[in-house]
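Chain by chain, the residues:
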Amino acid sequence: MRVLLIEDDDRVAGPLAEGLSRFGFTIEHARTGAEGLAAAEAEMVLLDLGLPDMDGIDVCRLLRLRSQVPIIMISARNDEVDRVLGLELGADDYLSKPFGVRELVARIRAVFRRTRPAAAEPVAVLSAAGGGHPVPVAHVQRIGPLSIDRRGRQVHLRRRSIALSPKEFDLLAHLADDPGAVRTRQQILDAVWEPDYFGPTKTLDVHVAALRRKLGDPAWIDNIRGVGFRLMPPTAGASTRRAEENDEGGDR
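Just so we're clear, the structure is a prediction, and the values are computed from it rather than from any experiment.

## Some words on the overall build of the protein chain
Move 1: Of regular secondary structure, the protein chain possesses nine helices and 14 strands.
Move 2: The burial tally for the protein chain puts 40% of its 252 residues in the buried class.
Move 3: Of all intrachain contacts in the protein chain linking residues separated by at least 6 positions in sequence, the fraction that spans at least 24 positions is 55%.
Move 4: Accessible area of the protein chain: about 13,100 Å², with a carbon and sulfur share of 53%.

See the structure below:
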């Protein structure tokens, strides 16, 4: 996710950008309200209220006039009037300093979950065969013979339904967001189990092993030694190699 951080204090912005980048976010930093308003539109805005050139409340109002981008206000101000005004002007959340990066990540994801459904609704297209009536665009992602229906939370492999637990589906969907890209173990735990998960990391290996069994080929989920996992359609060579490995998450 590309995040625009509008924060004038480098002592705050530096560690914040570094911490968020560890969770997989791409950060663009603006030090003034004017820079923030001139920046390319991001998927999320973190907006400090105490800016040197203009009040963050005004920045929020101007952003909201032209965009529905999710906005989280971050400020040392803890006055109820500021919080209420910011939320009434269109901010999606308000976080008072000081705060931890994990809490901020949880807030970002919570806001994104609330705002994403409207943005992710499929656009209806006109079908000539249907007499010009709108036909919804499918919500199904296809990766080789594997299809993932996020809206219906259903998975099919070669047209055969695969029964997955909620966490198994979330894990598969997360890896499928960018097929072939390696996701670190920490990124997966943060995304699928949420940032406040402090249980045993072995649970990830257990769920990966279960997914491999249900997909019928361990090569679907590749384990990159010392890094993490990636999802990709298996090739014949990969299938043979992975079948010889331990199904509990052996490294290649």
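Don't stop here, the text continues.
## Thoughts on unusual backbone geometry
Move 1: Each neighbour pair has its own omega, and for Lys-97 with Pro-98 the value is -5 degrees, a cis peptide bond.
Move 2: Mapping Pro-98 onto the fold places it in the loop between strand S5 (93–96) and helix H5 (101–120).
Move 3: Non-glycine residue Arg-153 carries a positive phi angle of around 50 degrees.
Move 4: With respect to the helices and strands, the residue Arg-153 is situated in the loop between strand S9 (146–149) and strand S10 (154–157).
Move 5: With a phi angle near 50 degrees, Arg-158 is a residue other than glycine that sits in the positive phi range.
Move 6: Of note, Arg-158 is situated in the loop between S10 and strand S11 (160–162).

## Points about the sheet that holds strand S12 (residues 183–184)
Move 1: Overall, antiparallel pairing links the three strands, which are arranged S12-S14-S13 in an open sheet. Of all strands in the sheet, those bounded by a partner on one side alone are S12 and strand S13 (221–224).
Move 2: Relative to strand S14 (residues 228–231), S13 runs antiparallel, the two sharing four bridges. When the bridges of S14 are listed, Ile-221 appears paired with Leu-231.
Move 3: Against the sheet, helix H6 (residues 166–176) touches S12, S13 and S14, its axis set at about 80 degrees to S14.

## Thoughts on the nonpolar core
Move 1: Counting residues in hydrophobic clusters, the biggest one holds 24 residues, and the most contacted among them are Leu-146, Ile-188, Leu-204, Trp-220, Ile-221 and Leu-231.
Move 2: Breaking this core down by element, the ones donating at least two residues are S9, S10, H6, helix H7 (185–192), helix H8 (202–215) and S14.
Move 3: Broken down by element, the residue count for this core peaks at six residues, all from H6.
Move 4: Of all hydrophobic cores here, the second largest spans 19 residues; its members include Leu-51, Val-69, Met-73 and Tyr-94.

## Observations concerning the packing of H6 against H7
Helix-helix packing is described using two parameters, namely the angle between the two axes and the distance between the axes.
Move 1: Packing of H6 against H7 brings their axes to within 10 Å, and their N-to-C directions diverge by 125 degrees. In terms of their interaxial angle, H6 and H7 are classed as oblique. Of the two possible hands of crossing, H6 and H7 adopt the one that is right-handed. Between H6, through Lys-167, Asp-170, Leu-171, His-174 and Leu-175, and H7, the contact on the second element is made entirely by Gln-187, Ile-188, Ala-191 and Val-192.
Move 2: Of the residues that constitute the contact of H6 with H7, the class distribution is five nonpolar, two polar and two charged.

## Thoughts on the pairing of S9
Move 1: Neither face of S9 is open: one carries Leu-146 and Ile-148, the other Ser-147 and Asp-149, and all of them are buried.
Move 2: Connecting strand S8 (residues 140–143) to the antiparallel partner S9 that follows it, the hairpin turn spans two residues, and Gly-144 within it adopts a positive phi of roughly 60 degrees.
Move 3: As paired strands, S9 and S10 are joined by four bridges and run antiparallel to one another. Across the sheet, residue Ser-147 finds its bridge partner in S10, namely His-156.
Move 4: Joining the antiparallel neighbours S9 and S10 is a turn of four residues, in which Arg-153 adopts a positive phi near 50 degrees.

Basis of the calculations
- Residues numbered from 1 in each chain as written.
- Predicted model: local features only at pLDDT ≥ 70, side-chain atom pairs only at ≥ 80, totals over all residues.
- Heavy atoms only, no water.
- Helix = DSSP H or I, 4+ residues; strand = E, 2+ residues; numbered from the N terminus.
- Buried < 20%, exposed > 50% of the residue type's maximum accessible area, 1.4 Å probe, protein only.
- Contact = heavy atoms within 4.5 Å.
- Areas by Shrake-Rupley, 256 points an atom, 1.4 Å probe, with all protein chains shown as cover.
- Pairing = 2+ DSSP bridges.
- Axes fitted to C-alpha atoms, helices over the stretch in contact; angles between N-to-C directions.
- Core = buried A, V, L, I, M, F, W, Y, C linked by side-chain atoms within 4.5 Å.
- Parallel < 35°, antiparallel > 145°, perpendicular 65-115°, else oblique.
- Left-handed = near helix turned anticlockwise from the far one by under 90°.
- Nonpolar A, V, L, I, M, F, W, Y, C, P; charged D, E, K, R; others polar.

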